[in-house]
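# Chain and residue survey
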Amino acid sequence: MAEKRSLWGSKIGFLLAAIGSAVGLGNIWRFSYMAYENGGGAFLIPYLVALLCAGVPLMILEYSLGHREKASPPLAFARINPLWEPLGWWMPVVAFFGINLFYAAVIGWCINYFGLSLTLGWGTDTQSFFFGEFLQLSDSPFTLGGIRWPVLAATAGAWAICWTICYREVSRGIEKASMIFMPLLVILTLILVGWSLRLDGAREAIREFYLKADLSKIALNTAEGRKVWVAAFGQIFFTLSLGFGIMITYASYLPKKTDITGNALTTCILNCLYSIIAGFAVFGTIGFMANAKGVPFDEAITSGPGLAFVVYPEAINQLPILNQLFGALFFLVLIVAGISSMISLTEAFSCSICDKFVISRQKATTIICSLGLIGSIPFTTRAGLLILDIADHFINNYALIIGGILECILIGWLLKSQVMRRHVNNSGGIRLWPVWDICIRVITPAVLLIMLVGALLEDFT
Ligand code: PHE
Ligand code: NA
């Protein structure tokens, strides 16, 4: 607390860091299997509804809260109402233990697969390679069955990179890394998308399975349809890094004059655009593979987290030329996107600790990254993927939604959303409309509550 608060060196630095947090494994790996499992193009409808009724209003809320209080979530909450400090801890703690630990392990998989792609080391049967040889998946989440050393080694590597970046002052660490990572990510992704679209069978698959909307899949009067809506809201929170206190933390380093509304809109739009564009690469590549093997698309795709690690390698095998390069490009995209999100998860926790205790950022980062590495170990065991599925489900269907509802009550009702809106408008930039008040006080929390109840009914009836 004693030290002066860090500041971003430039406006674009903040924006790139925030987008770096938002654009991550979720946009490529998670979005594509979500879209596939939940009705293809039809998924885009609940996804966009969730973006408008929860994503954008909450992004503005998190930016404005961090900016106004100049504090990480626990301290920012406490400044509005001291009784709320423990609730402020909920977010960075959930972000760290619920997401960062497994996120690091998935980046670890990507690092391994980056190496494997150079020799196509996954062989011809990529399914049994991933689950068998690589993960050596055990039969239950309670049977850890030993550590997968290559995974642990790569996961440790991810933590080391994260530590190197977060250790430095914000403007020289996270900001600088984002200024390099984000342009790199855009270039690599565009090459990947362009390449994928030129593959035989790609366009047909995109039209049939990605763009065509099967509206019966999202009907609200079926249990299946409701599940899709819950999934879409979960995905919006996850993809925008909302409800974890990350955007609060990043915004706490902003200067006084800041276009909060404009930055929030830019972050939301670019993140979702990235997902949709990356979806073209994913569906196109899988379509190519289905075409090359002469199997129906539905049989070519595997649902769930295995998609990037089973279906992609298989598609890479089928490419007529430059397979290794295509593979390396794909996994490099995942690694770069992943690391820039991982640093934001780490920063939110370390900033919360620095705001509360007298401890230097260097010390806090070192402790947290060591703790993170240890905490990631269960995800690098043979049960890792199974534990990940459980963590992912509870975080996305419950923890985040609870975080979102809490923020809405705190700002909408305890502080009063008008006060916050005035703050946003006094800080300059695009004016925030009064409709935001209605969103934060009524619409967003109501929708989130319905999602929460829906998830509870889904799991416990
Ligand atoms: N938004 C990131 C993604 O889409 C994941 C993430 C979630 C990052 C929460 C930070 C916090 O992959
Ligand atoms: Na994202």
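Going by the annotation in an unreviewed UniProt entry, the name recorded for the chain is Sodium-dependent transporter, with Tichowtungia aerotolerans given as the source organism. Listed under Subcellular location (unreviewed entry) in UniProt, the entry text for the chain is "Membrane".

### A short note on the overall build of the chain
Secondary structure summary: the chain contains 18 helices and zero strands in total. A compact globule built from 461 residues would reach a C-alpha radius of gyration of about 23 Å, and the chain, at 21 Å, matches this within 12%. A burial count over the chain gives 56% of its 461 residues as buried. Taking the contacts inside the chain whose residues are at least 6 apart along the sequence as the reference set, 85% of them involve residues at least 24 apart.

### Examining the packing of helix 2 (residues 25–37) against helix 15 (residues 323–356)
Interhelical geometry of helix 2 versus helix 15 gives an angle of 115° and a closest axis separation of 8 Å. Each of Leu-25, Asn-27, Ile-28 and Trp-29 in helix 2 lies in contact with helix 15, whose residues at this interface are Val-333, Leu-334, Ala-337, Gly-338 and Ser-341. For the contact of helix 2 with helix 15, a count of residues per class yields six nonpolar, three polar and no charged.

### Comments concerning the site of ligand 1
Among the 16 residues in the neighbourhood of ligand 1, the closest are listed as Gly-24, Gly-26, Thr-239, Ser-241 and Ser-341. Listed by contribution, the elements that provide at least two residues to the shell around ligand 1 are helix 1 (11–22), helix 2, helix 5 (85–117), helix 10 (223–239) and helix 15.

### Topic: the packing of helix 5 against helix 15
For the pair helix 5 and helix 15, the least separation of the axes is 8 Å and the interaxial angle reads 160°. The pairing of helix 5 with helix 15 is recorded here as roughly antiparallel in orientation. In the packing of helix 5 onto helix 15, the handedness of the crossing is left-handed.

### Here we look at helix 18 (residues 435–460)
End to end, helix 18 covers 35 Å across 26 residues, agreeing with the expected 38 Å (1.5 Å per residue, within 8%). At Ile-443, helix 18 shows its largest kink, close to 35°, and the proline Pro-445 lies no more than four residues downstream. Packed against the buried residues of helix 18 are helix 3 (44–69), helix 10 and helix 17 (384–426).

### Points about helix 7 (residues 149–167)
If you check helix 7, its first and last C-alpha atoms are 26 Å apart, about what 19 residues at 1.5 Å a residue would give, namely 27 Å. Within the span of helix 7, buried status applies to Val-151, Ala-154, Thr-155, Ala-158, Trp-159, Cys-162, Ile-165 and Cys-166. Taken end-on, helix 7 shows its buried residues confined to a sector of 145°, consistent with a single buried face. Turned more than 90 degrees away from the buried face of helix 7 sit Trp-149 and Ala-160, all of them exposed.

### Comments concerning the nonpolar core
In terms of nonpolar packing, the biggest core is built from 168 residues, with Met-59, Ile-60, Ala-95, Ile-107, Ile-286 and Leu-334 touching the most fellow members. Here this core takes 19 residues from helix 5, the largest share from any one element. Leaving out residues up to four positions away in the same chain, Leu-334 has contacts with Leu-25, Ile-28, Trp-29, Cys-110 and Ala-308.

Criteria and thresholds
- Within every chain, residues take consecutive numbers counted from 1 along the sequence as written.
- Following the order in which they are written, the chains are lettered starting with A and the ligands numbered starting with 1.
- Whole-chain, interface and lining totals are the exception, using all residues; otherwise, since this is a predicted model, local features are given only for residues with pLDDT of at least 70 and side-chain atom pairs are given and counted only at 80 or more.
- UniProt positions are given in the numbering used here, feature names are shortened, and annotations may be inferred rather than shown by experiment.
- Secondary structure elements are taken from DSSP: a helix is a run of H or I of four residues or more, a strand is a run of E of two residues or more, and numbering for both begins at the N terminus.
- Between the two quantities, the radius of gyration covers C-alpha atoms and the globule rule is 2.2 Å times the number of residues to the power 0.38.
- Exposure classification rests on a simple neighbour count of other C-beta atoms within 10 Å of a residue's own: a residue reaching 20 or more is buried, one at 12 or fewer is exposed, and one in between is partly exposed. C-beta atoms are placed from the backbone.
- By the convention adopted here, residues make contact when the C-beta atoms placed from their backbones lie within 7 Å.
- Here an angle of 0 to 180 degrees is reported between the N-to-C directions of two axes, which are lines fitted to C-alpha atoms, with helices fitted over the stretch in contact.
- Residue type decides the class: Asp, Glu, Lys and Arg count as charged, Ala, Val, Leu, Ile, Met, Phe, Trp, Tyr, Cys and Pro as nonpolar, and the leftover types, Gly among them, as polar.
- Each residue gets a C-beta atom placed from its backbone. If that atom is within 6 Å of a molecule or strand, the residue is near it.
- Working rule for angles: under 35 degrees goes down as roughly parallel, over 145 as roughly antiparallel, 65 to 115 as roughly perpendicular, anything else as oblique.
- Two helices crossing with the near one rotated counterclockwise from the far one by less than a right angle form a left-handed crossing, whereas a clockwise rotation gives a right-handed crossing.
- Multiplying 1.5 Å by the residue count of a helix minus one yields the expected span of that helix.
- By definition, a residue's bend is the angle between the axes fitted to the seven residues ending there and the seven starting there.
- It is the directions from the helix axis to the C-beta atoms that the arc portrays.
- In this usage, the nonpolar core is the set of buried Ala, Val, Leu, Ile, Met, Phe, Trp, Tyr and Cys residues whose C-beta atoms join them within 7 Å.

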